[in-house]
Amino acid sequence: MTRKTPTGDDLVRVLATLANPHRLRVVAALSGQRQYVSALARELGISRALLQVHLRKLEAAGLVTAQLELSADGKAMKFYEVTPFAYELTPATVVAAVRTLSTPEEQED
């Protein structure tokens, strides 16, 4: 896996997304194998609705991907898996990321 230097906006988005304990647990659970929503919710002990909220945020940050598949009985099942990622967080990478942060005015556009 190649590491690219994240932009400031990318780094903020990823760190903010991973700052939630539920989302950390989701990434940890999916790191071993892909899983469908109902099974993952049972494994984590949270409602499917709450899990969906966290999965959408993880997907928006590029940390997980989803794929819709049909089960043997024809039921649609959405499977999630972790997208391989690696971020090096050092003072130097923070300095580089800060140089590329959007200004508040750019974020409104």
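Use the structure listed above.
Remember, it's a predicted structure, so these values are computed and weren't measured experimentally.

Novice: How should I be thinking about the overall build of the protein in this particular structure?
Specialist: Looking only at helices and strands, one finds 6 helices and 3 strands in the protein. Along the protein, from the amino end to the carboxyl end, the secondary structure elements read α-α-β-α-α-β-β-α-α. Buried positions account for 29% of the 109 residues belonging to the protein. A separation of at least 24 residues holds for 53% of the contacts in the protein among residues at least 6 apart in sequence. Across the protein, the mean location of the 13 positive side-chain charges is 9 Å away from that of the 12 negative side-chain charges.

Novice: Just checking my understanding: could you explain the nonpolar core for this structure?
Specialist: Generally speaking, soluble globular proteins have nonpolar side chains that are buried together. V26, L30, L40, L51, L55 and L58 are the most contacted members of the largest nonpolar core, which has 17 residues in total. Broken down by secondary-structure element, the contributors of at least two residues to this core are α1 (8–18), α2 (21–32), α3 (37–44) and α4 (48–60). Top element by residues in this core is α2. It accounts for 4 residues. The residues touching V26, leaving out its near neighbours within four places in the chain, are L40, L44, L51, L55 and L58.

Novice: Looking at this structure, I do not really get the packing of aromatic side chains. What am I missing?
Specialist: The relation between two aromatic rings is expressed through the spacing of the ring centres and the mutual angle of the planes. Under the defined criterion, the tally for this structure stands at 2 aromatic pairs. Relative to F79, the ring of Y36 has its centre 5.7 Å away and its plane inclined at 65°; by these criteria the two rings are edge-to-face. Taken together, the positions of Y36 in strand β1 (residues 35–36) and F79 in strand β3 (residues 76–82) put the pair 43 residues apart, joining distant regions of the chain. Among the residues examined, Y36 registers a relative accessible area of 26% and is labelled partly exposed. Both rings, one in F85 and one in Y87, keep their centres 6.2 Å apart while their planes meet at 45°; by these two values the pair is tilted. Looking at R34, its charged tip hangs above the ring of F79, at a distance of 4.1 Å from the centre.

Novice: What's the story with the packing of α2 against α4 in this structure? I'm lost.
Specialist: What describes two packed helices is the angle between their axes and the distance between those same axes. Put simply, α2 and α4 touch, their axes get as near as 10 Å, and they point 80° apart. Taken as axis vectors, α2 and α4 run roughly perpendicular relative to one another. Of the residues in α4, those in contact with H22, R23, V26, V27 and L30 of α2 are L50, L51, H54, L55, K57 and L58.

Novice: Sorry if this is basic, but what is going on with the environment of R23 here?
Specialist: As for its placement among the helices and strands, R23 is situated in helix α2. Along the sequence, R23 and V53 sit 30 residues apart, while their C-alpha atoms lie 9.7 Å from each other. For R23, the contacting residues outside a window of four places in its chain are A16, T17, H54, K57 and L58.

Novice: What exactly am I supposed to notice about the packing of α3 against α4 here?
Specialist: Where α3 contacts α4, the axes come no closer than 9 Å and their chain directions differ by 105°. Regarding the angle of α3 to α4, the classification is roughly perpendicular. Along the contact surface, α3 presents V37, S38, L40, A41 and L44, while α4 presents R48, L51, Q52 and L55. A breakdown of the residues in the contact of α3 with α4 according to their chemical character gives 6 nonpolar, 2 polar and 1 charged.

About the criteria used
Residues numbered from 1 in each chain as written. Predicted model: local features only at pLDDT ≥ 70, side-chain atom pairs only at ≥ 80, totals over all residues. Heavy atoms only, no water. Helix = DSSP H or I, 4+ residues; strand = E, 2+ residues; numbered from the N terminus. Buried < 20%, exposed > 50% of the residue type's maximum accessible area, 1.4 Å probe, protein only. Contact = heavy atoms within 4.5 Å. Lys, Arg positive; Asp, Glu negative; His and termini not counted. Charge placed at Lys NZ, Arg CZ, Asp CG, Glu CD. Core = buried A, V, L, I, M, F, W, Y, C linked by side-chain atoms within 4.5 Å. Phe/Tyr/Trp six-rings, centres within 6.5 Å; stacked < 30°, edge-to-face > 60°. Lys NZ or Arg CZ within 6 Å of the ring centre and 35° of its normal. Axes fitted to C-alpha atoms, helices over the stretch in contact; angles between N-to-C directions. Parallel < 35°, antiparallel > 145°, perpendicular 65-115°, else oblique. Nonpolar A, V, L, I, M, F, W, Y, C, P; charged D, E, K, R; others polar.

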